[in-house]
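# Coordinate inspection notes
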Amino acid sequence: MNLTLEDIQAREARHILQTYRRQPVAFIRGSGARLYDTAGREYLDFISGIGVTSLGHAHPTLAAAIAEQAATLLHTSNLYYHPYQAEAASRLAQLSGLPRAFFCNSGTEAVEACLKFARRYWYTQGAKERTRFVALAGGFSGRTFGSLSVTHDEHYRAPFAPLLEGVTFVDPDDPAALEAAVTDRTAAIIAEPIQGEGGIRPLSARFAAALTEACTRTGTLLIADEVQSGLGRTGHPFYAPVLGLRPDLISVGKALGGGVPVGAALVSERVAQAISAGDHGSTYGGNLLGTRAAVVFLTELMDRGLLDHVKTVGVHCERRVRALALKHPVIVEVRGVGLMRGLQLSLDATPFVDEARTRGLLVNRTDEKVVRLLPPLTIEQADIDRAVDLLDAVFAAVAAEVRA
Ligand SMILES: Cc1ncc(COP(=O)(O)O)c(C=O)c1O
């Protein structure tokens, strides 16, 4: 198809449900950290499909595995065995310390599964009153009813009320509020170790200690939503353990399939023992294509040095963005770890994101005033330098415009 951006926009305006505010560009090809639009223009991709294309675009090993799998066998359902679920699950167990996985197709489904498994755990224990959840202000865990119920933003929630009953939100700067909210009616606390959509905000050590304390005091389960922060994004397999947390359940998605939709709920043995056949399921979940892609990604991460690579370039990225913040007063704070970075601005981030795109750099805006950087995990140091140089020019240009 040789369509222009305008052709695509006109068709979408007629036939696509208008749930997204898209930026005016259509991509047709990618290679590594580069994307190419319908006019053949090149962009440096520092958002990687919101943390998804972890190996970059058109990664040769992933592309070959997907092509081979498509030509061999795509899907058989969970009525039958195939080789890749267990392979992906055993690698995830090695990375997370949680021995069992339930596969699904997205982050929101991974969170739904974790919420259901937490309730099922208490139901099996005979504690049928333990149905409540505690979630965090600023948290984002998805858009389906369960995950939306533990997502904080009123803008996403209000039109869809009533949501799941019994969810209490706690300010992540307020350990005392957590202490008060978690009771022997709480099934689980759900927390992103680094809030992603909320503006790249790592939990404090003090709050993490309060989480552990609340779980120990009441027996409440801890769900770490690592859909964005997990699987090497921070230079660590997961960020919860870096904070001293020992979750019973971890939700993963995004990076896992490198662009092929696959998510998973990772489950401790004590929770797993409470789950029976038929408690949860998915027609597509854990299909050959998705789990084979996951095996390719996990092999790169664990055996081919990708995790060490993120550690190294993540430090370089931090150094460069901190220097950028010293130069541009509009950047009031730099947050994040590894290749998950947020530049907190004193102004709306939209004009900065738009200017960056005009100059051939893709980043995005989150929490209104935050420029978010989520490059592919394979990003090279030279491309980090290039991105930061482009941002330098962007901040100078937009700041000059704002002053004018
Ligand atoms: C922490 C977190 N959890 C869950 C989700 C939902 O994932 P998905 O969009 O794949 O359903 C997201 C998506 O941004 C996320 O960042």
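That block above? That's the structure.
The notes below deal with the structure included here. Within each chain, residues carry numbers counting from 1 in the order of the written sequence. A pLDDT threshold of at least 70 governs which residues receive local features in this predicted model, and a stricter bar of 80 or more applies before side-chain atom pairs are shown or counted, although totals over entire chains, interfaces and linings include all residues. Hydrogen atoms and water are omitted, and side-chain values are computed over all heavy atoms in the structure.

### Examining the overall build of the protein
The way it works is that DSSP assigns letters per residue, a run of H or I at least four long becomes a helix, a run of E at least two long becomes a strand, and they are numbered from the N terminus. What the protein contains, in helices and strands, is 14 helices and 17 strands. The C-alpha radius of gyration of the protein comes to 21 Å, within 12% of the 22 Å expected for a compact globule of 404 residues. Referenced to the eigenvectors of the C-alpha coordinate spread, the extents of the protein come out at roughly 65 × 55 × 45 Å. The criterion used for residue contact is that any of the two residues' heavy atoms lie within 4.5 Å. A sequence separation of at least 24 residues applies to 72% of the contacts in the protein between residues at least 6 apart. Each accessible area is a Shrake-Rupley result for a 1.4 Å probe, and residues are judged covered by the shown protein chains and nothing else. Accessible area for the protein stands at about 18300 Å²; split by element, carbon and sulfur atoms hold 54% of it. This radius of gyration counts C-alpha atoms alone. The globule rule is 2.2 Å times how many residues there are, raised to the power 0.38.

### Some details on the nonpolar core
Only buried residues count toward a nonpolar core. Its members are Ala, Val, Leu, Ile, Met, Phe, Trp, Tyr and Cys residues joined through side-chain atoms within 4.5 Å. Think of it in three bands: with a 1.4 Å probe and only protein chains considered, a residue is buried below 20% of the maximum accessible area for its type, exposed above 50%, and partly exposed in between. In terms of nonpolar packing, the biggest core is built from 92 residues, with Leu-178, Leu-231, Leu-256, Phe-297 and Leu-343 touching the most fellow members. All the domain ranges listed were derived from an automatic or database domain assignment. Split by domain, this core shows at least three residues from each of two domains, domain 1 (5-59 + 305-403) and domain 2 (73-303).

### Comments concerning the side chain of His-316
Examined against the element boundaries, His-316 turns out to sit in helix 12 (residues 306-327). Given the relative accessible area of 9%, His-316 is considered buried. Here the side chain of His-316 touches Asp-385 through a polar contact of 2.6 Å, side chain to side chain. The residues touching His-316, leaving out its near neighbours within four places in the chain, are Gln-381, Ile-384 and Asp-385. Distance and chemistry together define a polar contact, namely a pair of N or O atoms within 3.5 Å, with one atom able to donate a hydrogen and the other to accept it when in protein, and with adjacent residues in sequence counting only for side-chain atoms on both sides.

### Details of the site of the ligand
For this description, a residue counts as near a given molecule or strand if any of its non-hydrogen atoms is within 4 Å of it. All residues adjacent to the ligand are Ser-106, Gly-107, Thr-108, Phe-140, Ser-141, Gly-142, Glu-192, Glu-197, Asp-225, Val-227, Gln-228 and Lys-254. Note that an oxygen atom of the ligand is positioned 2.8 Å from one of the backbone N or O atoms of Thr-108. Within the side chain of Gln-228, one N or O atom sits 2.8 Å away from an oxygen atom of the ligand. Its free accessible area being 390 Å², the ligand has 82% of it covered by the protein chains. Here the term charged refers only to Asp, Glu, Lys and Arg, the term nonpolar to Ala, Val, Leu, Ile, Met, Phe, Trp, Tyr, Cys and Pro, and the term polar to all other amino acids, Gly among them. Of the residues assigned to the shell around the ligand, the class counts are two nonpolar, six polar and four charged.

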